[in-house]
Amino acid sequence: MAPQPAATGPAVEQAVLDRVPQGLYIDGSWGPSADGGTFAVVDPSTGETLKRIADATPEDGLRALAAADAARHSWAATPPRVRAEMLRRAFDLLQERREDFALLMTLEMGKPLAEARGEVTYGGEFLRWFSEEAVRIGGSYGTNPEGTGRTIVSHKPVGPAFLITPWNFPLAMATRKIAPALAAGCTVVVKPAELTPLTTLLFVDLLAEAGVPAGVVNVIPTTTAGAVSEPVITDPRLRKLSFTGSTPVGRTLLAQAAQNVLRTSMELGGNAPFLVFADADLDLAVEGALAAKFRNTGQACTAANRFLVHEDVAEDFAARVTARVEAMRVGRGTEDGVAIGPLIDDRAVAKAHRLVTDAVERGAVVRTGGHPGEGTGTFYAPTVLTDVQPGSDILRDEIFGPVLAIRTFRTEDEAVAAANDTEYGLVGYAFTEDPARGQRLMERLETGMLGLNTGIVSNASAPFGGVKQSGLGREGGGEGIGEYLETMYTLTPDPFGR
Ligand code: NAD
């Protein structure tokens, strides 16, 4: 029989919070910030403080970078098998503690507990995947076309990396960066989002237990992200910046990274189109829509933002999703059967409501929801809008909330043009039973990823990432470790002297 999830309740919640270290983790030890400052991490479903933790200063950021720099050569020289086994041990420890991590994410971020458990599985897979990749960093040996020389291509760790993560997937966004960096032989400084740093602190404690040496991973939560990050990014000891977050912040960081021509990976915002053709399996499309829209209460970079539905099936599709959305339970993520948790903060609720109000003023019809939640906590009612008019802000901006906005199309060309009409290009979804159409969409949609008859695309074995202003580089898959490796070639004369 599968192990039963542990019960939750105030005592279980407190016990998990008590296990989270309060300090910064620099050079293998936990300690206060340079000025002794702390900040509160809040439960978005109640507004109550969960825990106070150390608030890093710019001085702490540079101390963390110094530790990563000091450890870089010994970590790079650590045999790949040893690095791999530490990652594998971390994977095993995470499985043993999956309930702790799931509950902690629900507390600080608000996602329903079942989804938090799913994130432990997804996030953990990056540890397992990159433990397997660590021992397969290849190279090549070739003869030049003239036959006069040999080219030996090798890969080396790029060096100390600065990893900045968002609040929406507190564990997976950390493991998706830390695991490939460590596998490649890079040391890191991690700056988790100030809204959800507790998961990263608990995870880094786990990495230490898995045997990761002092200085290899350093963590600096802070409420002054810009002031702490810029000196790190512009310091010549740093060799790599990997950022997941919004496109505007990504642009700022790219400008800072230009100063020392840093290697960068950017996983930025999205505005995913979700296309439903007249030949789609509508049952599948409805399931896909619910997963692509309402997972994480709509707060995912991969969340479907614009539903483009063929006019012949639009009413049927809208009626079916509306019935399902009306049945969704909203509440604190720890409660049984909750499908929709709180949004991360007041600003997120205000943004979702502004986008809904603008769409309605321009002619959209509210089929269900369309208003903030009542009482405490930052909730927004799960919403379905139809007849969304071109030019509405909701078609241009990332909603990042539980709002499903539908407009119709007549032809494939029209659908593709509408789907591509955005500065973003992270992911698209398409539902069609015509294989040739599916293949045409693969070639025509300007996105880094496509869910073809599925509403979920994320997998540790696949190269996650976007095109256009959704980012640079890929995380996961065969490509993921390459983001932390430099390529070098050595040319030698033909050993036969020809
Ligand atoms: P955000 O850009 O506000 O913050 C992301 C991180 O950057 C946080 O750690 C934050 O503290 C830090 N930050 C903010 N300003 C900074 C600055 N000036 N210097 C250095 N660091 C700074 O984004 P968010 O609200 O935390 O996350 C939501 C966004 O992330 C959405 O746009 C979403 O699409 C995107 N996202 C993208 C992916 C992806 O893989 N493409 C995954 C998850 C989230």
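Higher on the page you've got the structure.
Residues numbered from 1 in each chain as written. Predicted model: local features only at pLDDT ≥ 70, side-chain atom pairs only at ≥ 80, totals over all residues. Heavy atoms only, no water.

A. Main features of the sheet that holds strand β18 (residues 449–452). If you walk across this open sheet you meet the seven strands as β14-β15-β16-β13-β12-β17-β18, and the pairing is mixed. Looking along the sheet, the strands with just one partner apiece sit at the ends: β14 (365–368) and β18. Pairwise comparison of adjacent strand axes, ignoring direction, gives a mean angle of 25 degrees for this sheet. Pairing of β14 with strand β15 (residues 383–386) involves three bridges; the strand directions are antiparallel. Within the sheet, the bridge partner assigned to Thr-368 lies in β15 and is Val-384. Of the strands in this sheet, β12 (272–276), β13 (304–310), β15, β16 (403–409) and β17 (427–431) touch helix α10 (residues 282–294), which is tilted by about 165 degrees from β12. Here helix α13 (residues 412–420) sits on the sheet in contact with β12, β13 and β16, set at roughly 170 degrees to β13. (Pairing = 2+ DSSP bridges. Helix = DSSP H or I, 4+ residues; strand = E, 2+ residues; numbered from the N terminus. Axes fitted to C-alpha atoms, helices over the stretch in contact; angles between N-to-C directions. Contact = heavy atoms within 4.5 Å.)

B. Broad picture of empty space enclosed by the protein. Scanning all chains against the criterion turns up five cavities of 30 Å³ or more. By volume, the largest cavity is sized at about 70 Å³. Along the walls of the largest cavity sit Tyr-122, Phe-169, Met-173, Arg-176, Arg-295, Cys-301, Thr-302, Ser-458 and Phe-464, which together make up its complete lining. Its residues placed into classes, the lining of the largest cavity shows five nonpolar, two polar and two charged. Residue assignment places the lining of the largest cavity across two domains, with domain 1 (10–268 + 471–486) and domain 2 (272–459) each supplying three or more. (1 Å grid on protein atoms, 1.4 Å probe; cavity = no way out; pocket = protein on both sides within 12 Å on 5 of 7 lines; lining within 4 Å. Points joined across faces, edges and corners; volume = space filled by probe spheres on them. Nonpolar A, V, L, I, M, F, W, Y, C, P; charged D, E, K, R; others polar. Domains from an automatic or database assignment.)

C. Structural context of the site of the ligand. As a matter of local geometry, the ligand sits amid 29 residues, with Thr-165, Arg-176, Glu-194, Ser-246 and Glu-398 nearest to it. At a separation of 2.7 Å, an oxygen atom of the ligand approaches a polar side-chain atom of Arg-176. When the ligand is considered free in solution it has 850 Å² of accessible area, and contact with the protein chains removes 87% of it. Of the pockets mapped on this structure, the ligand occupies the largest pocket. Within the residue set of the shell around the ligand, elements represented by two or more residues are α6 (172–184), α8 (225–233), β10 (240–244) and α9 (247–258). Looking at the shell around the ligand, the element that brings in the most residues is α8, giving three residues. The class makeup of the residues in the shell around the ligand is 15 nonpolar, nine polar and five charged. The residues that make up the shell around the ligand include at least three from each of domain 1 (10–268 + 471–486) and domain 2 (272–459). (Near = heavy atom within 4 Å. Polar contact = N/O pair within 3.5 Å; in protein donor to acceptor, adjacent residues only side chain to side chain. Areas by Shrake-Rupley, 256 points an atom, 1.4 Å probe, with all protein chains shown as cover. Sits in = over half its atoms within 2 Å of the grid points.)

D. Region of interest: the nonpolar core. In terms of nonpolar packing, the biggest core is built from 99 residues, with Val-217 and Phe-317 touching the most fellow members. Of the residues forming this core, the biggest block, nine residues, is contributed by α6. Residue-level mapping places this core at the junction of two domains, with at least three residues from each of domain 1 (10–268 + 471–486) and domain 2 (272–459). If we skip the residues at most four places from it in the chain, Val-217 touches Tyr-25, Ile-178, Leu-182, Val-188, Val-190, Val-204, Leu-207 and Val-212. Among the nonpolar cores identified, the runner-up in size contains 23 residues, and Ala-54, Ile-164, Val-232 and Ile-233 belong to it. (Core = buried A, V, L, I, M, F, W, Y, C linked by side-chain atoms within 4.5 Å. Buried < 20%, exposed > 50% of the residue type's maximum accessible area, 1.4 Å probe, protein only.)

E. Expanded view of the packing of aromatic side chains. Evaluation of the coordinates by the stated rule reveals eight aromatic pairs. With a centroid separation of 5.1 Å and an interplanar angle of 70 degrees, the aromatic rings of Tyr-122 and Phe-126 are classed as edge-to-face. Here the residue Tyr-122 and the residue Phe-126 both occupy positions in helix α5 (residues 113–133), the gap between them amounting to four residues, near one helical turn. According to the relative accessible area criterion, Tyr-122 is buried, its value standing at 15%. The exposure class of Phe-126 is buried, given its relative accessible area of 0%. The interplanar angle of 35 degrees and the centroid separation of 4.7 Å between the aromatic rings of Phe-274 and Phe-307 together place this pair among those described as tilted. Placement of Phe-274 in strand β12 and of Phe-307 in strand β13 is noted, with a sequence separation of 33 residues between them. Here Phe-274 matches Phe-307 in class, with each residue buried. (Phe/Tyr/Trp six-rings, centres within 6.5 Å; stacked < 30°, edge-to-face > 60°.)

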